[in-house]
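# Tertiary structure, described
Here is how the chains run, residue by residue.
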Amino acid sequence: MTMTPTQSPPAIDRQTLTRAMRRAVDLARGVRGRTSPSPPVGAVVVQGDRVVGEGATAPPGGPHAEALALAAAGEQARGATLVVTLEPCNHTGRTPPCTQAIQRAGIARVVVGARDPNPHVAGGGLEALANSGIATEVGLLEREADALIAPFSTLVTRGRPFVTAKWAMTLDGKIAGPRGGEAITGPEARAEAHRLRDRVDAVIVGSATARIDDPRLTVRPAPGDGRQPLRVILDSAASLPSDARMLGEAGSTLVMTSRESAADRARLERAGAEVVRVAGGPEGRVELADALETLGARGLAHVLVEGGSRLLGALVAADLVDEVIVFIAPRLMGPGVPALGSSPAAGRFLPWTLDEPRVRQLGPDLVVHGRRPATGVS
């Protein structure tokens, strides 16, 4: 039986609503990397000035944030306000529509941070709620809510993951010395890099980085749930050694190739990697747009690209980077590897300035964090 309010929802002050939305944003941030292809969402049920229930999106197949918050509130949800970072769904997917659960609970008001960016369902949830007599409001802490779902938005509108390019460099722009193998930044910055891995669906590196550095590409220390992001190696000729350290780590390794031999494919598959062929681009290398679309078709919404220089440069030149996180060490290296290597597409690149960059200090190092401007140029 569906129950809806019989009178206008009780007044609630903006400070209480804003505080509840900030809590919902924090809840959503806590499940980043665990919800794809669904977005991370936080929900809070407020009765008067008290929080009576809250929840965040469960891993795929599990309940949405709204359902968990309503279950936690129980009977206290009747006549209450639901504050949620994203417009509730009104369609059946792996779980029933959240709008129906909201109606059954007797919620009087729904306050939403961001509209659903999916062009096939945008606005449907809010319309269904309003049609059932529930008061609705959109746009509270909208910027924070939109930032949370940027990977989901990119996946549903562009068919590829949101790409975060991350690198550590010296003041003179070098990410490694002539012989490599030397840590650029301090322990605080390296710990932050592991936290970044924990929030994404996959970590990507190029074949040279995989061979020369032999990285593990894992989150360390391992998170409490044991989950590790997918490791993706863009390796046109399937040259990853069979004894690469990452192949012995928890989680999965995906090697994306464009011209591998049958022998190398079989060798890597015996070592535990999955090998997938994608289109070849300039010089026979993996076509980056096709590789990203392949990852998007698998439901991966957010990827972290960690190098090397040539891959980072090619992604920037191809306008496939959505966010940049750069760790800058207070040192000069002289001869070494530049952060962004040359690319056949470099001549087509239009320079851009990070949108609202944030700068902070981690130990002796600086971190610059910002997103690509909407136009791609500045």
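You'll find the structure just up there.
Structural notes, computed from the coordinates. (Residues numbered from 1 in each chain as written. Predicted model: local features only at pLDDT ≥ 70, side-chain atom pairs only at ≥ 80, totals over all residues. Heavy atoms only, no water.)

### Let's talk about the overall build of the chain
Spelled out, the test is: Helix and strand assignments follow DSSP, with helices taken as H or I runs no shorter than four residues and strands as E runs no shorter than two, numbered in order from the N terminus. Note that the radius of gyration is over C-alpha atoms, with the globule rule given as 2.2 Å times the number of residues to the power 0.38. The buried label applies to any residue whose accessible area, calculated with a 1.4 Å probe on protein chains only, is under 20% of its type's maximum; exposed applies above 50%, and partly exposed to all values in between. In this description, contact between two residues means that some pair of their heavy atoms is separated by no more than 4.5 Å. Neither His nor the chain termini are counted; the positive set is Lys and Arg, and the negative set is Asp and Glu. A charged residue contributes its charge at one atom only: NZ of Lys, CZ of Arg, CG of Asp or CD of Glu.
A count of helices and strands for the chain gives 11 helices and 16 strands. In terms of overall dimensions, the chain is globule-like: its C-alpha atoms have a radius of gyration of 23 Å, near the 21 Å expected for 378 residues. Taken along the three principal axes of its C-alpha coordinates, the chain extends 70 × 45 × 40 Å. Going through the 378 residues of the chain one by one, you find that 52% of them count as buried. Here the contacts in the chain between residues at least 6 apart in sequence split such that 71% fall between residues at least 24 apart. Charged side chains of the chain number 43 positive and 40 negative; the gap between the two group centres comes to 3 Å.

### Overview of the pattern of salt bridges
Note that side chains of opposite charge can pair when their charged atoms are close. Note the cut-off: Every case where a carboxyl oxygen of Asp or Glu lies within 4 Å of a side-chain nitrogen of Lys or Arg is listed as a salt bridge.
Under the defined criterion, the tally for this structure stands at 26 salt bridges. With a closest N to O distance of 3.8 Å, arginine 158 and aspartate 322 form a salt bridge. Of this pair, arginine 158 sits in helix 6 (residues 150-158) while aspartate 322 is found in the loop between helix 11 (309-317) and strand 13 (323-328), placing the two residues 164 residues apart along the sequence. Looking at arginine 158, the relative accessible area reads 46%, which means it is partly exposed. Aspartate 322 sits in the buried class, given a relative accessible area of 7%. Through salt bridges with shared partners, a single network forms among Glu260, Arg265, Glu269 and Arg277.

### Comments concerning the environment of histidine 91
Relative to the assigned elements, histidine 91 resides in the loop between strand 3 (81-86) and helix 3 (98-104). Sequence separation between histidine 91 and glycine 125 is 34 residues; the distance between their C-alpha atoms is 8.3 Å.

### Some thoughts on the layout of surface pockets
Over the atoms a probe the size of a water molecule is rolled, and this reveals where empty space is left. Short version of the rule: Here the term cavity refers to a set of points on a 1 Å grid, laid over the protein atoms alone, in which a 1.4 Å probe fits but cannot get out; the term pocket refers to an open set having protein on both sides within 12 Å along at least five of seven lines, with lining residues being those that place an atom within 4 Å of a point. Grid points are joined across faces, edges and corners, and a volume is the space filled by probe spheres set on the points. All residues other than Ala, Val, Leu, Ile, Met, Phe, Trp, Tyr, Cys, Pro, Asp, Glu, Lys and Arg, Gly among them, are scored as polar; the first ten of these are nonpolar and the last four charged.
Reported here for the second largest pocket is a volume of approximately 1,300 Å³. Forming the boundary of the second largest pocket are 46 residues, of which Ala147, Ala150, Phe162, Glu323 and Arg371 lie nearest the centre. The set of elements that each furnish at least two residues to the lining of the second largest pocket consists of helix 5 (142-148), helix 6, strand 6 (162-169), helix 7 (187-198), strand 12 (302-307), strand 13, strand 15 (355-362) and strand 16 (365-371). Of the residues forming the lining of the second largest pocket, the biggest block, seven residues, is contributed by helix 6. Grouping the constituent residues of the lining of the second largest pocket by class yields 17 nonpolar, 11 polar and 18 charged.

### Things to note about the side chain of glutamate 260
Our working rule: Any N or O atom pair separated by 3.5 Å or less is treated as a polar contact, with the protein-specific requirement of one donor-capable and one acceptor-capable atom, and with residues adjacent in sequence counted only for side-chain atom pairs.
Turning to its location among the elements, glutamate 260 is positioned in the loop between strand 10 (253-257) and helix 9 (262-270). Among the residues examined, glutamate 260 registers a relative accessible area of 11% and is labelled buried. Looking at glutamate 260, its side chain comes within polar contact range of the side chain of arginine 265, at 2.9 Å. Those residues within four positions of glutamate 260 in sequence are excluded, and the remaining contacts are Ser236, Ala237, Ala238, Arg265 and Arg277.

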